[in-house]
Amino acid sequence: MLYPGAWPEDSALLHGDRLLPLDRLVYEDRSPVLAIGSNASPGQLRHKMAEFGIVSPVPMVRARVTGVGVGVSAHVSRMGYVSASPFHAPYTTRELFVIWLDAEQLAVIDASEGVPLENGNYGRAWLPSPEVRVELENGVTLPGVHSYVNRHGVLHDGTGTGTPRTHPGQRELLTELLVGSPRLRELFGVTPEEFVARARADRERCAAGTRFLADDKRVTESGLERYLRVQQTGSPGTASSLPPPLM
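Here the structure is a predicted model, which is why all the values come from computation and not from measurement.

Draft legend 1. The pairing of strand β7 (residues 133–136), seen in detail. Here β7 shows a clear split, with Val134 and Leu136 buried on one side and none of Arg133 and Glu135 buried on the other. Relative to strand β8 (residues 141–142), β7 runs antiparallel, the two being bridged by two bridges. Pairing of Glu135 across the sheet is with Thr141, part of β8. Two successive antiparallel strands, β7 and β8, enclose a turn made up of four residues, where Gly139 displays a positive phi of approximately 90°.

Below is the structure:
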């Protein structure tokens, strides 16, 4: 229910259980990844890295991002929530975090998002500037960032225009979905707490919920799929055939 977890108030270096001051904002030997949901939560990042025994620090840099909105994934996660996904929003500017990952760390986050799997929920795309503008606190603008784009699409706002809806927070979102759908209540119960309890680790129930969202025509494209197709032209789980430059 607390997804996406607490985000830092300022740029920081995540080192074990501590958030330390940064000595710089750009890391030329690492890959910049735009954190949309729980990847901006230090607790979640620490958990993901610990599963693979990785203890190296992760720089987390606050940035002003134009061109990306935080939408609702068109799939039910086996962790028990409906996660956030980016969508193309050319006139939207908001503060998000860029996490700078080394090769091992990037492989861990890729695995957690299902990138190596042919039927995984997310693919990793390179979002170039100026289509997506990422300005750091020191005024530096990045030439682009990696982002995890949902392969299922995102939920629309119900207005008939196909406009992606923004993620309002887990409790509000689950309440709205359950109130508006007898089928979802049948699958997941009548309260957000029941939804989380029934969804967690139940692969078939989550898959049924995901299929219903598509069958009920609640899904639209994020507008970022074109970058995903360009970047992932090789076999699933391999590096892209047109890798972005290191920063």
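Draft legend 2. Broad picture of the pattern of salt bridges. Overall, the coordinates contain 15 salt bridges when judged by the stated rule. For Arg30, the salt bridge identified is with Asp102, shortest N-O distance 3.9 Å. Of this pair, Arg30 sits in the loop between β2 (18–20) and β3 (31–35) while Asp102 sits in the loop between β5 (84–101) and α2 (103–112), and the two are 72 residues apart along the sequence. For Arg30, a relative accessible area of 12% translates into the label buried.

Draft legend 3. Structural context of the layout of surface pockets. What the largest pocket holds in volume is close to 1,000 Å³. Lining of the largest pocket is provided by 38 residues; of these, His75, Ser77, Arg78, Ser112 and Asn121 occupy positions nearest its centre. Elements represented by at least two residues in the lining of the largest pocket include exactly α1 (42–51), β5, α2, β9 (144–150) and α6 (203–215). For the lining of the largest pocket, the element with the highest residue contribution is α6, accounting for five residues.

Draft legend 4. Structural detail: the environment of Thr93. Counting through the fold element by element, Thr93 comes out in strand β5. Separated by 28 residues in sequence, Thr93 and Val65 have C-alpha atoms that sit 5.4 Å apart. Filtering out sequence-adjacent residues up to four positions away, Thr93 remains in contact with Arg64, Val65 and Thr66. A distance of 2.7 Å separates polar atoms of two side chains, one belonging to Thr93 and the other to Thr66.

Draft legend 5. Structural context of α1. Of the residues making up α1, those classed as buried are Pro42, Gln44, Leu45, Lys48 and Met49. In a view along the axis of α1, the buried residues occupy a sector of 165°, so they form one face of it. What points out from α1, more than 90 degrees from its buried face, is the exposed set Ala50 and Glu51. Looking at the packing, one finds that the buried side of α1 touches β1 (12–15), β2, β4 (58–72), β5 and α2. Positive backbone phi, at 70°, marks Gly53, one or two positions downstream of α1.

Draft legend 6. Expanded view of the pairing of β3. In terms of residue burial, β3 counts as a mostly covered element, since five of its five residues are buried. Of the two faces of β3, the one holding Ser31, Val33 and Ala35 and the one holding Pro32 and Leu34 are both buried throughout.

Draft legend 7. Here's a closer look at the nonpolar core. One finds Leu34, Val65, Val98, Leu127, Val134, Leu136 and Leu142 to be the most contacted residues of the largest nonpolar core, which totals 27 residues. Mapped by element, the contributors of at least two residues to this core are β4, β5, β6 (122–128), β7, β9 and α7 (225–231). Leaving out residues up to four positions away in the same chain, Val65 has contacts with Leu34, Thr92, Thr93, Arg94, Leu96, Val132, Arg133 and Val134. Residues Val76, Leu184, Val196 and Leu213 belong to the second largest nonpolar core, which totals 19 residues.

Rules of the game
- Residues numbered from 1 in each chain as written.
- Predicted model: local features only at pLDDT ≥ 70, side-chain atom pairs only at ≥ 80, totals over all residues.
- Heavy atoms only, no water.
- Buried < 20%, exposed > 50% of the residue type's maximum accessible area, 1.4 Å probe, protein only.
- Helix = DSSP H or I, 4+ residues; strand = E, 2+ residues; numbered from the N terminus.
- Pairing = 2+ DSSP bridges.
- Salt bridge = Lys/Arg side-chain N within 4 Å of Asp/Glu carboxyl O.
- 1 Å grid on protein atoms, 1.4 Å probe; cavity = no way out; pocket = protein on both sides within 12 Å on 5 of 7 lines; lining within 4 Å.
- Points joined across faces, edges and corners; volume = space filled by probe spheres on them.
- Contact = heavy atoms within 4.5 Å.
- Polar contact = N/O pair within 3.5 Å; in protein donor to acceptor, adjacent residues only side chain to side chain.
- Arc of directions from axis to C-beta.
- Core = buried A, V, L, I, M, F, W, Y, C linked by side-chain atoms within 4.5 Å.

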